[in-house]
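Architecture at a glance
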Amino acid sequence: MNCKDQDQISLTLPERCCTGNTGCEFDGSLRKVKSEPIYVQKVYDAALFNLQGLRTVAKFPFSPSLGKGARITRVLAIRCRRFFNPDDIDDDRNLIAHPHTEISGGKFVRKNCKDDIEAIGPDGFRSQKLVFADTSDCDKKRRGTPIFGTQNIKITGNVIVEIDVLFSDDCDKECKETLRANIPVARQCDPLLLTNFFELCLPSVFNSAFLPRFTEFCNIGCESRLATSNIRRDLIVSPSGEVFANLIIALCVTCEKKIVVPVQLCVLSTGFPVLSADISPICSTFPTLFPEQIDEPRNNPCCDTSDNKSVECEIIEEIKM
């Protein structure tokens with residue numbers, strides 16, 4: 001392989017990054033801050049867990065080929081990230097954690113004694129389950145009732161490993177290359193299983209219009225290194241330049257369990273977000289996406305504060321006169 005035509009590896013690509021525009025602005029003046037009621041979910045109790053699992057990979061092929069007579073002299077960096085196929089969310093290669101939880105001291109509410117009732121969570125999916133327990137003893141003390149759970153997490157899918165190396169070609173010239181591989185760490189038929197136990201506090205199920213809800217979510221990261229930390233043993237280069245690697249892959253999992261309840265809150269707000277849009281040369285005005293509420297005067301049947309009042313407001317003023 002001739003490294004004269006190789007492009008230098010750029011680990012940072014600032015031109016492909018961006019900064020989000022939320023449309024929220026605050027000039028520092030509290031005069032524009034007003035109270036608004038919102039209907040949201042409150043976290044009553046939560047528990048966070050860090051779990052890890054290991055997989056070993058022996059003589060897994062990497063690409064590209066380094067060419068005939070190549071010899072790896074140094075490893076600059078090893079990176080690992082999970083694989084995800086945006087064209088198929090059910091792709092077996094997607095690295096996914098499948099949590100399964102059983103609780104004692106309470107039970108999940110079911111329909112027809114079969115399927116658990118699932119509620120829509122903040123993620124937009126049915127990721128919450130209704131929980132019922134006898135909380136009468138602790139309700140008298142105005143405290144929560146503990147429930148206990150066992151969680152089994154099945155991990156399946158692939159990870160993408162990239163190795164930056166320096167190697168000598170057949171002309172003894174030092175070159176730089178990034179080796180890549182899509183490595184399966186757990187198959188559907190042989191998942192990686194992680195188990196942990198937890199305790200959560202449950203609020204009263206009798207003194208509220210809503211049953212408390214249980215939700216859980218996990219995130220997976222990965223780290224990789226050479227199996228024996230020896231380049232000659234762990235990075236094998238064939239006479240034709242093909243590269244094979246022995247690796248240890250650590251799967252780092254963070255899971256959080258929550259007990260949430262629907263609540264109403266009064267929050268301080270500076271108003272609705274205002275985004276700047278490209279104005280069409282044909283349309284002079286555009287409709288709003290959200291109703292105007294926060295800046296409107298209260299206890300006034302005539303809500304238009306501008307000079308152009310609505311017909312309803314004019315009728316109300318005539319009646320008052």
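Below is a short write-up of the structure. Values in this document were obtained by computation on a predicted structure and should not be read as measured data.

Another point: the overall build of the protein. Counting its secondary structure elements, the protein contains three helices and 14 strands. The buried share of the protein, taken over its 321 residues, is 33%. Within the protein, contacts between residues at least 6 apart in sequence are counted, and of these 79% link residues at least 24 apart. As displayed, the protein offers around 22,100 Å² of accessible surface, 52% of which is attributable to carbon and sulfur atoms.

Next up on the list: the layout of surface pockets. Its volume calculated, the largest pocket comes out at about 990 Å³. If you trace the largest pocket, you find 32 residues lining it, with Ala-97, Pro-99, Glu-216, Phe-217 and Cys-218 closest to the centre. Going through the elements one at a time, β1 (34-62), β3 (96-104), β8 (126-132), β12 (213-226) and β14 (243-269) are the ones with two or more residues in the lining of the largest pocket. The residue makeup of the lining of the largest pocket, split by class, is 16 nonpolar, nine polar and seven charged.

What we call a disulfide is simply a covalent bond connecting the sulfur atoms of a pair of cysteines. Under the definition given, this model contains two disulfides. Sulfur-sulfur distance for the disulfide between Cys-80 and Cys-222 comes to 2.1 Å. On the sign convention where negative means left-handed, the S-S torsion of about -110° between Cys-80 and Cys-222 marks this disulfide as left-handed. Taken together, the positions of Cys-80 in strand β2 (residues 71-82) and Cys-222 in strand β12 put the pair 142 residues apart, joining distant regions of the chain. As far as burial versus exposure is concerned, Cys-80 and Cys-222 are alike and both buried.

On the surface, Asp-87, Asp-88, Asp-90 and Asp-92 cluster together to form a negatively charged patch. As for its position among the elements, Asp-87 is in the loop between β2 and β3. Of the residues examined, Asp-87 reaches a relative accessible area of 74% and is grouped as exposed.

What follows concerns the environment of Thr-145. Its location among the elements puts Thr-145 in strand β9 (residues 145-168). Assessed through its relative accessible area of 8%, Thr-145 is described here as buried. When the C-alpha atoms of Thr-145 and Cys-201 are compared, they prove to be 5.5 Å apart, with 56 residues separating the residues in sequence. Setting aside its immediate chain neighbours within four residues, Thr-145 contacts Asp-134, Thr-135, Cys-138, Leu-200, Cys-201 and Leu-202.

Formed by 35 residues in total, the largest nonpolar core has its most connected members in Phe-62 and Val-159. Of all the elements in the fold, those that place two or more residues in this core are β1, β2, β9, β10 (174-186), β11 (192-202), β12 and β14. Not counting residues within four places of it along the chain, the set of residues in contact with Val-159 comprises Cys-80, Arg-81, Arg-82, Phe-83, Leu-95, Ala-181, Asn-182, Ile-183, Val-185, Cys-222, Ile-249 and Leu-251. In terms of nonpolar packing, the next biggest core, distinct from the first, is built from 13 residues, Phe-49, Ile-103, Ile-147 and Leu-200 among them.

Now for the pattern of salt bridges. Scanning all chains against the criterion turns up nine salt bridges. Arg-79 is paired through a salt bridge with Asp-164; the nearest N and O atoms lie 2.6 Å apart. With a gap of 85 residues between them, Arg-79 in strand β2 and Asp-164 in strand β9 connect regions that are remote in the sequence. Two residues, Lys-129 and Asp-116, come together in a salt bridge whose shortest N-O distance is 3.4 Å. Of this pair, Lys-129 sits in strand β8 while Asp-116 sits in strand β6 (residues 115-116), placing them 13 residues apart in sequence. Judged by its relative accessible area of 23%, Lys-129 is partly exposed. Linked by salt bridges that have partners in common, Arg-79, Glu-162, Asp-164 and Arg-180 make up one network.

The rules behind each value
- Residues numbered from 1 in each chain as written.
- Predicted model: local features only at pLDDT ≥ 70, side-chain atom pairs only at ≥ 80, totals over all residues.
- Heavy atoms only, no water.
- Helix = DSSP H or I, 4+ residues; strand = E, 2+ residues; numbered from the N terminus.
- Buried < 20%, exposed > 50% of the residue type's maximum accessible area, 1.4 Å probe, protein only.
- Contact = heavy atoms within 4.5 Å.
- Areas by Shrake-Rupley, 256 points an atom, 1.4 Å probe, with all protein chains shown as cover.
- 1 Å grid on protein atoms, 1.4 Å probe; cavity = no way out; pocket = protein on both sides within 12 Å on 5 of 7 lines; lining within 4 Å.
- Points joined across faces, edges and corners; volume = space filled by probe spheres on them.
- Nonpolar A, V, L, I, M, F, W, Y, C, P; charged D, E, K, R; others polar.
- Disulfide = S-S within 2.5 Å.
- Patch = residues over 30% accessible without salt bridge, like charges linked within 9 Å, V, L, I, M, F, W, Y side chains within 5 Å.
- Salt bridge = Lys/Arg side-chain N within 4 Å of Asp/Glu carboxyl O.
- Lys, Arg positive; Asp, Glu negative; His and termini not counted.
- Charge placed at Lys NZ, Arg CZ, Asp CG, Glu CD.
- Core = buried A, V, L, I, M, F, W, Y, C linked by side-chain atoms within 4.5 Å.

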